Amino acid sequence: ILPAISDFYMVFNVISDLLNNFVFVIMCFVVDLSMLIKLRSTINESINRITTLVLNEKQFEKKKSELEDTMKKSIRMVIVNTTIGLIFKIPLVFLPLVNTIAKFYYKDIYKRNRNFSFDRFYILLFENYFYQAIQDSTELLYLISLSIQYFIYKIFDKKFKEATFSAPPAKTQNSQK
């Protein structure tokens, strides 16, 4: 029963890594995409509302360009965020996936004798501290992806930028009582 538990653990670990890293990035992209679609419809409604309220052509063009700029920034933020998520988080799945393949590869003696390419790759991967370097670099990439999020919001989100660089409100005598 112990080998079956070990096999289950390896497969479960790979599936959870895939879900936590790859599928989560895809789900965030889908949510961001749906929010962009809602933003586009809101912007179109705002433009229609502005046309009825604003009589001046300059004011209308200014508001319209602001709304279009907001849409462009949001699209760029979604693209950058998803790309960073894929580039920096997907390597975390690599080592558990290779370990699971190797576990089942080395169980069958006949497969090992027919296909030497995986055996050479796996030996190269775990030779001379190469494995530890790969593991450390994937964890570093993940930490970098988390820290980049601050800068993404700082660049693309106007309210976030205002909140991070504004001074806290001063206490007045009315608020102290």
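Before reading further, recall that the structure is shown in the block above.
Residues numbered from 1 in each chain as written. Predicted model: local features only at pLDDT ≥ 70, side-chain atom pairs only at ≥ 80, totals over all residues. Heavy atoms only, no water.

Draft legend 1. Focus on the layout of surface pockets. When its volume is computed, the largest pocket comes out at roughly 500 Å³. Taken together, 16 residues make up the lining of the largest pocket; nearest its centre are Glu66, Thr70, Lys73, Phe156 and Lys158. Going through the elements one at a time, helix 1 (2-53), helix 2 (57-89), helix 6 (130-156) and helix 7 (158-165) are the ones with two or more residues in the lining of the largest pocket. The element that contributes the greatest number of residues to the lining of the largest pocket is helix 2, accounting for eight residues. In terms of residue class, the lining of the largest pocket is built from six nonpolar, three polar and seven charged. (1 Å grid on protein atoms, 1.4 Å probe; cavity = no way out; pocket = protein on both sides within 12 Å on 5 of 7 lines; lining within 4 Å. Points joined across faces, edges and corners; volume = space filled by probe spheres on them. Helix = DSSP H or I, 4+ residues; strand = E, 2+ residues; numbered from the N terminus. Nonpolar A, V, L, I, M, F, W, Y, C, P; charged D, E, K, R; others polar.)

Draft legend 2. Fine view of the side chain of threonine 82. Secondary-structure assignment places threonine 82 in helix 2. Exposure remark for threonine 82: the relative accessible area of 12% places this residue in the buried category. Not counting chain neighbours up to four residues away, the residues in contact with threonine 82 comprise Val25 and Phe29. (Buried < 20%, exposed > 50% of the residue type's maximum accessible area, 1.4 Å probe, protein only. Contact = heavy atoms within 4.5 Å.)

Draft legend 3. Just the side chain of aspartate 7, in detail. Among the secondary structure elements, aspartate 7 is positioned in helix 1. Classification of aspartate 7 as buried rests on a relative accessible area of 12%. Among all residues touching aspartate 7, those that are not within four sequence positions of it are Lys103, Phe104 and Lys107.

Draft legend 4. The packing of helix 3 (residues 91-105) against helix 6, seen in detail. Contact geometry for helix 3 and helix 6: axes closest at 8 Å, N-to-C directions at 145°. Contacts from Pro91, Leu92, Phe94, Leu95 and Asn99 in helix 3 reach Tyr131, Ile134, Gln135, Thr138, Glu139, Leu141 and Tyr142 in helix 6. The residue makeup of the contact of helix 3 with helix 6, split by class, is eight nonpolar, three polar and one charged. (Axes fitted to C-alpha atoms, helices over the stretch in contact; angles between N-to-C directions.)

All quantities given are derived from atomic positions and should not be read as evidence of function.
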